[in-house]
Amino acid sequence: MTSDTTAADKTTSPGATAGLFTDDVQTVRCAWCQATPLYRHYHDSEWGFPVADERRLFEKICLEGFQAGLSWLTILNKREAFRSAFANFEAEQVAEFGEGDVKRLLGDAGIVRHAGKIASTINNARRVIELRREFGSLGAFVWRLEPEAASRPERITQEAVRAMPTSAASIALSKDLKKRGWTFVGPTTVYAFMQAMGLVNDHLEGCASRQKALAARAAFKPPR
């Protein structure tokens, strides 16, 4: 189960069916986001919508690493604190972090204080800079592995999403990143990143945001 959809099993209300829920104004959404207004806003305006912005891509892949073993809602609630702690995830600045910054971060109660994940974020910032030299941007590197439409399920249902915690594309991207020295980028983490950044659209059939995300992808030009 990928990070953003893990919450579905925990938050589905008795009236929700097939992984969907309907709010008080009859808006149908994926059930995993119903826990809080912040979660619903994230679902409606970010998750599954295509992203080329370097900062956002780097932030998300780092936060997916911090999410490992936790719920995505926990990380989302701490996102502003993470942004403050990690120089708004500007890779050039994070790449310059040293021992004093690590000590500061380990003492910051606003974030997840995990030494390995903190070190990974600093390491991965340095790897971003290397990628840019070869591909021009992190976005160009990531989007070249967008899955072909034919490789995706015919219908995106709760059962279909549960059956694919990884994909051929996420496995390939994970292997490529690891080969280049990235850490905390396993295939499940990478698939959750692909879901969130719009490389795949896993809003369920019937979710009000599914068509909006499809329209955003149709208008989107992947970075090259």
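Residues numbered from 1 in each chain as written. Predicted model: local features only at pLDDT ≥ 70, side-chain atom pairs only at ≥ 80, totals over all residues. Heavy atoms only, no water.

Draft legend 1. Inspection of the overall build of the chain at higher detail. Across its full length, the chain holds 13 helices and two strands. Over its C-alpha trace the chain gives a radius of gyration of 17 Å, about what one expects of a compact globule, namely 17 Å for 224 residues. Seen along its three principal axes, the alpha-carbon backbone of the chain occupies a region of about 50 × 40 × 25 Å. Here the contacts in the chain between residues at least 6 apart in sequence split such that 67% fall between residues at least 24 apart. A total accessible area of about 10,200 Å² is found for the chain, and carbon and sulfur atoms account for 53% of it. Taking the 30 positively charged and 26 negatively charged side chains of the chain as two groups, their mean positions are separated by 2 Å. (Helix = DSSP H or I, 4+ residues; strand = E, 2+ residues; numbered from the N terminus. Rg over C-alpha atoms; globule rule 2.2 N^0.38 Å. Contact = heavy atoms within 4.5 Å. Areas by Shrake-Rupley, 256 points an atom, 1.4 Å probe, with all protein chains shown as cover. Lys, Arg positive; Asp, Glu negative; His and termini not counted. Charge placed at Lys NZ, Arg CZ, Asp CG, Glu CD.)

Draft legend 2. Here's a closer look at helix α2 (residues 37-45). Within α2 the residues assigned to the buried category are Tyr39, Tyr42 and His43. Projected down its long axis, α2 carries its buried residues within an arc of 95 degrees, all on one side. Across from the buried face of α2, at angles greater than 90 degrees, the exposed residues are Pro37 and His41. Where the residues of α2 are buried, they touch β2 (28-30), α3 (54-67), α4 (72-77), α5 (79-85), α12 (187-196) and α13 (208-219). (Buried < 20%, exposed > 50% of the residue type's maximum accessible area, 1.4 Å probe, protein only. Arc of directions from axis to C-beta.)

Draft legend 3. View of the packing of helix α7 (residues 99-106) against helix α8 (residues 115-135). At a closest axis distance of 10 Å, the pairing of α7 and α8 adopts a crossing angle of 135 degrees. As summarised for this structure, α7 and α8 are arranged oblique, according to the angle between their axes. You can see that α7 and α8 cross each other, and the crossing is right-handed. Contacts from Val102, Leu105 and Leu106 in α7 reach Ala115, Ile118 and Ile122 in α8. Here the residues of the contact of α7 with α8 sort into six nonpolar, no polar and no charged. (Axes fitted to C-alpha atoms, helices over the stretch in contact; angles between N-to-C directions. Parallel < 35°, antiparallel > 145°, perpendicular 65-115°, else oblique. Left-handed = near helix turned anticlockwise from the far one by under 90°. Nonpolar A, V, L, I, M, F, W, Y, C, P; charged D, E, K, R; others polar.)

Draft legend 4. Inspection of the nonpolar core at higher detail. The biggest cluster of nonpolar side chains holds 59 residues, and the ones touching the most others in it are Phe58, Phe82, Phe86 and Leu138. For this core, the element with the highest residue contribution is α3, accounting for six residues. Sequence-distant contacts of Leu138, that is, excluding residues within four places in its chain, are made with Glu54, Leu57, Phe58, Val128, Leu131, Arg132 and Trp182. (Core = buried A, V, L, I, M, F, W, Y, C linked by side-chain atoms within 4.5 Å.)

Draft legend 5. Inspection of the packing of α3 against α8 at higher detail. Viewed as axis vectors pointing N to C, α3 and α8 meet at an angle of 150 degrees, and their least axial separation amounts to 10 Å. Between α3 and α8 lies a crossing whose hand is right-handed. Together, Glu54, Phe58, Cys62, Gly65 and Phe66 of α3 and Lys117, Ile118, Thr121, Asn124, Ala125, Val128 and Arg132 of α8 make up the contact between the two elements. Residues that form the contact of α3 with α8 fall into these classes: six nonpolar, three polar and three charged.

Draft legend 6. Representation of the environment of Glu130 within the structure. Tracing the chain through its elements places Glu130 in helix α8. For Glu130, a relative accessible area of 34% corresponds to the partly exposed category. Separated by 44 residues in sequence, Glu130 and Ser174 have C-alpha atoms that sit 16 Å apart. In terms of polar contacts, Glu130 uses its side chain to reach the side chain of Arg127, at 3.0 Å. (Polar contact = N/O pair within 3.5 Å; in protein donor to acceptor, adjacent residues only side chain to side chain.)

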